[in-house]
Amino acid sequence: MSHSVDVLTSVLASTVRSWRGTSTKRKTPEPEMLLTLYDREGCPDCRFVREALTELNLDVNIVPCPEGNKEAVAELKKISGTPLVPFLTDPNTKKQISGQDSIVSYLFKEYRGTSVPSKLSSGIRNAIASRIATTLRNGSGIQYHLAKPVAEPLTLYSFESSPYTRLVRERLCEYGIPYTLINLGKQQRADMGPANFRMTLKEYKPLPNSKRDTFFKQHGNVQVPFLIDPNTELELFESKQILDYLDNTYAA
Ligand SMILES: N[C@@H](CCC(=O)N[C@@H](CS)C(=O)NCC(=O)O)C(=O)O
């Protein structure tokens, strides 16, 4: 599939999800230690959890569990007692939780002190929309593709609904590459739109003292996906280049 078609179907997938997982509340205290999510990018249930993580401005270690990766699934089964994703571990509270509804409820209660907002709550419509999103992406980010082992986890700057970033997350999942997901959800009107076409006439400035602000100070703009690979000391913008890099570096 050409990159443009991939981007288009990814836009459609985000649209069918009503662009949940785009915005992030201005202030959510960051937990001391990163949470870990055993995840399958194309799995409709895992999507709910990642949408909640963006909305809550929480970063997370992703352990990809693509179908067909026997080692990853065996590891998951050892820890959780079941081969099912999503599964979340939170070292801050020592909680281990299975299933999207329990995980999303836990995240909102623990990190926002509220119940799950209706747009993220479970229900038949929401579940169907998430399945349609997976169908639109033709099941990408589900099956394991044989890959070389990775010594150090990568880091990906993302937000859940980002159509370009979804393509990278799918590929990382298919190769079973663990990574730290840094959520840079949108926090104000000026964050809307692509990096080179902001919805503001003023000079772009992220909210002070936010993760976006830190990123802006480092790179002079905010654009996702942005990938860091400590194994090769590479830092890369642009989804197509990142996908080519992952194929060239990690496909077995
Ligand atoms: N050509 C870039 C486009 C990336 C892009 O437009 N990303 C959007 C999110 S989907 C973005 O970073 N928008 C600016 C922002 O979120 O602040 C690529 O293929 O990676």
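Only a predicted model underlies this, so the values are computations on that prediction, with no experimental measurement involved. (Residues numbered from 1 in each chain as written. Predicted model: local features only at pLDDT ≥ 70, side-chain atom pairs only at ≥ 80, totals over all residues. Heavy atoms only, no water.)

Draft legend 1. Representation of the environment of Tyr-157 in the model. Mapped onto the elements, Tyr-157 comes out in strand S5 (residues 154-158). The sequence separation of Tyr-157 and Phe-226 amounts to 69 residues, and the corresponding C-alpha distance is 5.1 Å. If sequence neighbours within four positions are ignored, Tyr-157 has contacts with Thr-165, Ile-182, Leu-184, Phe-215, Val-224, Pro-225, Phe-226 and Ile-228. (Helix = DSSP H or I, 4+ residues; strand = E, 2+ residues; numbered from the N terminus. Contact = heavy atoms within 4.5 Å.)

Draft legend 2. Molecular detail of the site of the ligand. Neighbouring the ligand are 17 residues, the closest being Lys-186, Arg-198, Val-224, Glu-238 and Ser-239. Separating an oxygen atom of the ligand from a side-chain N or O atom of Arg-212 is a distance of 2.8 Å. For the ligand, the protein covers 88% of the area, taking 510 Å² as the surface of the free molecule. Among the detected pockets, the ligand sits in the largest pocket. A per-class count over the shell around the ligand returns 8 nonpolar, 4 polar and 5 charged. (Near = heavy atom within 4 Å. Polar contact = N/O pair within 3.5 Å; in protein donor to acceptor, adjacent residues only side chain to side chain. Areas by Shrake-Rupley, 256 points an atom, 1.4 Å probe, with all protein chains shown as cover. 1 Å grid on protein atoms, 1.4 Å probe; cavity = no way out; pocket = protein on both sides within 12 Å on 5 of 7 lines; lining within 4 Å. Sits in = over half its atoms within 2 Å of the grid points. Nonpolar A, V, L, I, M, F, W, Y, C, P; charged D, E, K, R; others polar.)

Draft legend 3. Highlighting the environment of Ser-118. As for its placement among the helices and strands, Ser-118 is situated in the loop between helix H4 (100-112) and helix H5 (124-136). According to the relative accessible area criterion, Ser-118 is exposed, its value standing at 66%. In the structure, Ser-118 is positioned 31 residues away from Pro-149 in sequence and 40 Å away in space, judged by C-alpha atoms. (Buried < 20%, exposed > 50% of the residue type's maximum accessible area, 1.4 Å probe, protein only.)

Draft legend 4. Up close: the environment of Thr-9. Tracing the backbone shows Thr-9 in helix H1 (residues 3-16). By relative accessible area, Thr-9 is classed as buried at 14%. Note: C-alpha distance between Thr-9 and Leu-120 (111 residues apart in sequence) is 22 Å. Contacts of Thr-9, omitting those with residues within four sequence positions, involve Leu-136 and Arg-137. A polar atom in the side chain of Thr-9 sits 3.0 Å from the backbone oxygen of Asp-6.

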